[in-house]
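Per-entry structural report
Listed below are the residues making up each chain.
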Amino acid sequence: MEYMDKVLMAISAVYTVIAMSGTGYILFRFAMPFMENKKGAVCIGIAYAATMLILYLMPMEINTFAAYSLGILSAFIVMCRIDRRNHRQKTFIAATFFSLRWLSEYMTRILSDAIYNIKVVYDVFYVSGRHPAAKILIFGGVELLDMAIGFALLGISVRYIVKNYVYKREDMSIKEMFMLIVPSITGMTGYGILIQYQTSSGMSWMEPIYGLYNGLAFLHFGISIVTIVVMTVLFQNIKARQEEKLQNELLATQVDSIKRHIGQVESLYQNIRSIRHDMTNHILTLERLYAGNNVQEAMDYGEELKSALSQITGEIKSGNPVTDVILQDLKHEAEKREVRFRSDFYYPTGTNINAFDVSVILNNALQNAMEHVLHVPAENAGEREAPYISVLSYHRNNAYMIEIANSFTGNLQWDEERGLPVTTKEKTEGHGYGQTHGYGQTHGYGLANIRMVAKKYSGDIAIDLKDDEFRLSIMLMME
């Protein structure tokens, strides 16, 4: 029997080490998408597994709950050291993983107890001493099943949370953190009550009520795991709807802006018609001045007429009156802010590309450029060339390209789920030129709207940051 006990202990030790390593790997997979340093995220899983292994090998006994707590605490500390931002989100990761790990383990223990209570298994394992090989096979098989089910419960729960947690790089507020960890706390509280009841009542697994108790405990643990996962997914869905609502509001603002531009175009046409109506009088006036040999007066009159025409029609001729007005507005705004503006943009007439869609692209992209081009540190202003914005369009075969560039200093943080840069600033009201946003204003809505239009034409956007310049390239496929 002493030999048999040693064999069973050895099997148990091997499975325990594998379970600790596998759990550390699942924690690494859980935390990695939320971390800036992907390679450093490996240390999180290693810290957890190493701490649990050290506690397991310690000669002194330690409470299981305390051991798991120390393991997740060490992982949390490593998380905070690797990535020093968004500690509230890391608290959510640690609390959620701790609860899921604990609940899934005890669900597997209940299943193991149920297997050992099967009469054939019970007789071989507890009554008969004549089948040592069968006893080893049963113990090894149950341990393997226990570990596989535990990994499945924990891994599937973690994978589902990671898959549906959209805003991984967004700062989590205190309210959001508490709302998301409450299901984990509730599940662990229920677990503590059930275990305390079992301990204080001295319940034996030989008693009939033990089976009912295990069934209720299993149901509670399962519901707790589902609640943790569902709560996280629902919260992300609510945030996604809020983000979509804000994005639609931004798009509505852009539509209003385009309507205003269309109104300006209508006013422009009215002024042109008015000048055309008076053009005969202007020509007659010039003829009289030249006939009277008043050359200087005629030249001055011609200059005034040219200036009036320039003010009405604008200097930019892009091939479409709406895009003319948008670019002209940006040019005037740039002049006020002492920003150099250059436009080599032309509208692709005679194609399937709609002027409204191009207007959405220009409005969003130029607003972002105007907002961020001014963010040059004052102490470095004398060392850098004047801020600038440039707009360029061209086509290659059936690909219509728009490139908008502006001077830019600093770094970008990326939302890897969307493939877009996000702002590090607080959300602000309004969407005018005077608002203070980073690139990807209001968490990337402007760029998201541009991408949405590009995909409508089987295209996409590309972002390039180098040599103190931010360059946005938009590709639209023309029919």
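Anything mentioned here points back to the structure above.
First things first, this report covers the structure right here in the doc. Since the structure is predicted, the reported quantities are computational estimates derived from the model, not experimental observations. (Residues numbered from 1 in each chain as written. Predicted model: local features only at pLDDT ≥ 70, side-chain atom pairs only at ≥ 80, totals over all residues. Heavy atoms only, no water.)

**Concerning a nonpolar patch on the surface**
On the surface, Ile-62, Leu-70, Leu-73 and Ile-77 cluster together into a nonpolar patch covering about 310 Å² of accessible area. With respect to the element layout, Leu-70 can be found in helix α3 (residues 64-82). For Leu-70, a relative accessible area of 38% corresponds to the partly exposed category. (Patch = residues over 30% accessible without salt bridge, like charges linked within 9 Å, V, L, I, M, F, W, Y side chains within 5 Å. Areas by Shrake-Rupley, 256 points an atom, 1.4 Å probe, with all protein chains shown as cover. Salt bridge = Lys/Arg side-chain N within 4 Å of Asp/Glu carboxyl O. Helix = DSSP H or I, 4+ residues; strand = E, 2+ residues; numbered from the N terminus. Buried < 20%, exposed > 50% of the residue type's maximum accessible area, 1.4 Å probe, protein only.)

**What about empty space enclosed by the protein?**
Inspection of the entire model under this criterion finds three cavities of 30 Å³ or more. Taken together, Tyr-165, Tyr-167, Glu-170, Asp-171, Met-172, Glu-176, Phe-235, Gln-236 and Lys-239 make up the full set of residues lining the second largest cavity. Looking at the lining of the second largest cavity, the element that brings in the most residues is helix α8 (residues 209-291), giving three residues. A breakdown of the residues in the lining of the second largest cavity according to their chemical character gives four nonpolar, one polar and four charged. (1 Å grid on protein atoms, 1.4 Å probe; cavity = no way out; pocket = protein on both sides within 12 Å on 5 of 7 lines; lining within 4 Å. Points joined across faces, edges and corners; volume = space filled by probe spheres on them. Nonpolar A, V, L, I, M, F, W, Y, C, P; charged D, E, K, R; others polar.)

**Quick notes on the pairing of strand β2 (residues 388-396)**
The two faces of the sheet receive side chains in turn, since in a regular strand these alternate between them. Pairing geometry for strand β1 (residues 340-344) and β2, over five bridges, is parallel. Bridge pairing in β2 links Arg-340 to Tyr-388. Pairing of β2 with strand β3 (residues 399-407), which is carried by eight bridges, proceeds in the antiparallel orientation. Looking at β3, one finds that Ser-390 is bridged to Ala-405. Once β2 ends, the chain turns through two residues before running back antiparallel as β3, passing Asn-397 with a positive phi of about 55 degrees. (Pairing = 2+ DSSP bridges.)

**What to know about the packing of aromatic side chains**
Taken as a whole and judged by the stated rule, the model has 13 aromatic pairs. Summarising the aromatic geometry, the rings of Tyr-68 and Trp-102 are spaced 4.7 Å apart at their centres and angled 85 degrees between planes, so their arrangement reads as edge-to-face. Taken together, the residues span a long stretch of sequence, with Tyr-68 in helix α3 and Trp-102 in helix α4 (residues 87-116) at a distance of 34 residues. Look at Tyr-68 and you get buried, because its relative accessible area is 9%. Since its relative accessible area comes to 3%, Trp-102 is described here as buried. Taken together, Phe-30, Phe-34, Tyr-48, Phe-92, Phe-97 and Tyr-165 form an aromatic cluster joined through their ring pairs. The aromatic ring of Tyr-106 is capped on one face by Arg-109, whose charged end is 4.3 Å from the ring centroid. (Phe/Tyr/Trp six-rings, centres within 6.5 Å; stacked < 30°, edge-to-face > 60°. Lys NZ or Arg CZ within 6 Å of the ring centre and 35° of its normal.)

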